[in-house]
Amino acid sequence: MIRRIARILSLIAPLLGAAGAVAADPCAGGLAGFDCALPEPPQGDPRRLGAIHPGRMAAPARPGRPVRWSVEVQAGTGLEAGAVAAQIGAILADPRGWQAEGRVRFQKVAPAQAQIRFLVASPAQVDTLCLPLRTLGYLSCRQGRYIVLNALRWQGAMPHWDGSVEDYRAYLVNHETGHALGHGHESCGGWGALAPVMMQQTKSLYGCRGNGWPYPGRARPGPSALAAGLQDVRLQ
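1. A few points about the overall build of the chain
Along the chain, the regular secondary structure elements total seven helices and six strands. Split into buried and exposed, the 236 residues of the chain put 39% on the buried side. Counting contacts in the chain only where the partners sit at least 6 residues apart, residues at least 24 apart contribute 65% of the total. Counting only carbon and sulfur atoms, one obtains 58% of the accessible surface of the chain, whose full area is about 12600 Å².

2. Re the pattern of salt bridges
Tallied over the entire structure, the rule returns two salt bridges. Ionic pairing is found between Glu72 and Arg117, a salt bridge with its closest N-O pair at 3.0 Å. A residue pair is termed long-range when its members are at least 10 positions apart, and Glu72 in strand β2 (residues 65-74) and Arg117 in strand β4 (residues 116-121) qualify at 45 residues. Among the ionic pairs, Arg96 bridges to Asp94, the shortest N-O distance being 2.9 Å. Residue Arg96 shares its accessibility class with Asp94, and that shared class is buried.

3. Things to note about the packing of aromatic side chains
Scanning the entire structure with this criterion turns up five aromatic pairs. Seen in terms of ring centroids, Trp98 and Tyr215 are 6.5 Å apart; in terms of plane orientation they differ by 85°. Their pairing is edge-to-face. Within this pair, whereas Trp98 is found in the loop between α3 (81-93) and β3 (104-108), its partner Tyr215 is found in the loop between α6 (165-180) and α7 (223-235), the two being separated by 117 residues in sequence. A relative accessible area of 4% places Trp98 in the buried class. Taking relative accessible area as the criterion, Tyr215 reaches 25% and is therefore assigned partly exposed. A network of ring pairs unites the aromatic residues Trp161, Tyr168 and Tyr171 as a single cluster. Across from the ring centre of Trp213, 4.1 Å away, lies the NZ or CZ of Arg96, which sits over that ring. A cation over an aromatic ring shows up here: Arg218 above the ring of Tyr215, its NZ or CZ 5.3 Å from the ring centre.

4. Side note on the state of the cysteines
On inspection of all chains with the given rule, the structure shows two disulfides. With a sulfur-sulfur separation of 2.0 Å, Cys130 is cross-linked through a disulfide to Cys141. Across the disulfide from Cys130 to Cys141, rotation about the S-S bond amounts to roughly -95°, and the bridge is consequently left-handed. Here Cys130 is found in helix α4 (residues 123-130), whereas its partner Cys141 is found in strand β5 (residues 141-143), with 11 residues between them in sequence.

5. Description of α6
End to end, α6 covers 23 Å across 16 residues, agreeing with the expected 22 Å (1.5 Å per residue, within 8%). Burial of α6 is extensive: 12 of the 16 residues sit out of reach of the surface. Residues Tyr168, Arg169, Ala170, Tyr171, Leu172, Val173, Asn174, His175, Glu176, Thr177, Gly178 and His179 constitute the buried set of α6. Elements that come into contact with the buried residues of α6 comprise α3, β3, β4, β5, β6 (146-150) and α5 (151-156). Gly182, located one to two residues past α6, shows a positive phi value of around 100°.

6. Remarks on the packing of α3 against α6
Each pair of packed helices can be described by the angle between their axes along with the distance between the axes. As a packed pair, α3 and α6 sit with axes 10 Å apart at the nearest point and diverge in direction by 65°. The angle between α3 and α6 falls in the class roughly perpendicular. Crossing of α3 over α6 shows right-handed handedness. Contacts between α3 and α6 pair Gln87, Ile88, Ile91 and Leu92 from the former with Arg169, Ala170, Val173, Asn174 and Thr177 from the latter. Taken together, the residues of the contact of α3 with α6 break down into five nonpolar, three polar and one charged.

7. A look at the confidence of the model for the chain
Mean pLDDT over the chain works out to 80, with 72% of the residues at or above the 70 mark. With pLDDT under 50 throughout, residues 43-60 is counted as low confidence; its partners more than four residues away or in other chains account for 20 contacts. Between residues 224-236, whose pLDDT stays under 50, and residues either more than four places distant or in other chains, the model counts 20 contacts.

8. What to know about the environment of Ser70
With respect to the helices and strands, the residue Ser70 is situated in strand β2. According to the relative accessible area criterion, Ser70 is buried, its value standing at 0%.

Rules used throughout
- Residues numbered from 1 in each chain as written.
- Predicted model: local features only at pLDDT ≥ 70, side-chain atom pairs only at ≥ 80, totals over all residues.
- Heavy atoms only, no water.
- Helix = DSSP H or I, 4+ residues; strand = E, 2+ residues; numbered from the N terminus.
- Buried < 20%, exposed > 50% of the residue type's maximum accessible area, 1.4 Å probe, protein only.
- Contact = heavy atoms within 4.5 Å.
- Areas by Shrake-Rupley, 256 points an atom, 1.4 Å probe, with all protein chains shown as cover.
- Salt bridge = Lys/Arg side-chain N within 4 Å of Asp/Glu carboxyl O.
- Phe/Tyr/Trp six-rings, centres within 6.5 Å; stacked < 30°, edge-to-face > 60°.
- Lys NZ or Arg CZ within 6 Å of the ring centre and 35° of its normal.
- Disulfide = S-S within 2.5 Å.
- Expected span 1.5 Å × (residues − 1).
- Axes fitted to C-alpha atoms, helices over the stretch in contact; angles between N-to-C directions.
- Parallel < 35°, antiparallel > 145°, perpendicular 65-115°, else oblique.
- Left-handed = near helix turned anticlockwise from the far one by under 90°.
- Nonpolar A, V, L, I, M, F, W, Y, C, P; charged D, E, K, R; others polar.
- pLDDT = per-residue confidence, 0-100.

Written as structure tokens, this is what we have:
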């Protein structure tokens, strides 16, 4: 009888392990008071691009080392974590972004596995999370593996910003990600020039034109491609 029970347990153990993996909290390691965006499904998961859209080829693997990222949004900011993650994912995947270097490729994961954790928070919470840096209820920052974005700036950009809110969001994401990748601050190249993405454009444009991209001259995705990309990110 004991041998029979042991045999049954040995047969169902792999199934229990698989069930445990599926049931694991996809937002494990997230901050208290923050909502987490679901990570990208693993290879072989039927929710990935090729299975969601039969007949559509999945994008080829990009070169470069993988950089794992996640998104958490503070409750009460009026922002939804999945929508913010979709926008950040589209920015990171844009051909004008840091992947154009060919050195990195971005992958969305759960917070516990992330090398870069995007936190979108209220101005007061940003001030706390960014210490000892002084963000004054106004700025965003990068602290270690945390990129802490001011929710008011995300929603409304800056009074002096000369582009769209979407362009400013691209600046926020790409500027702070640039710091995470080892890039320092740069200065305006001259009156009327396009600002380097690593210039502190939240403070001022210093006579430059606003720019949210490391490689602004690269081809921009068309509206249909961008819409499809956003849809895929939301489905992940």
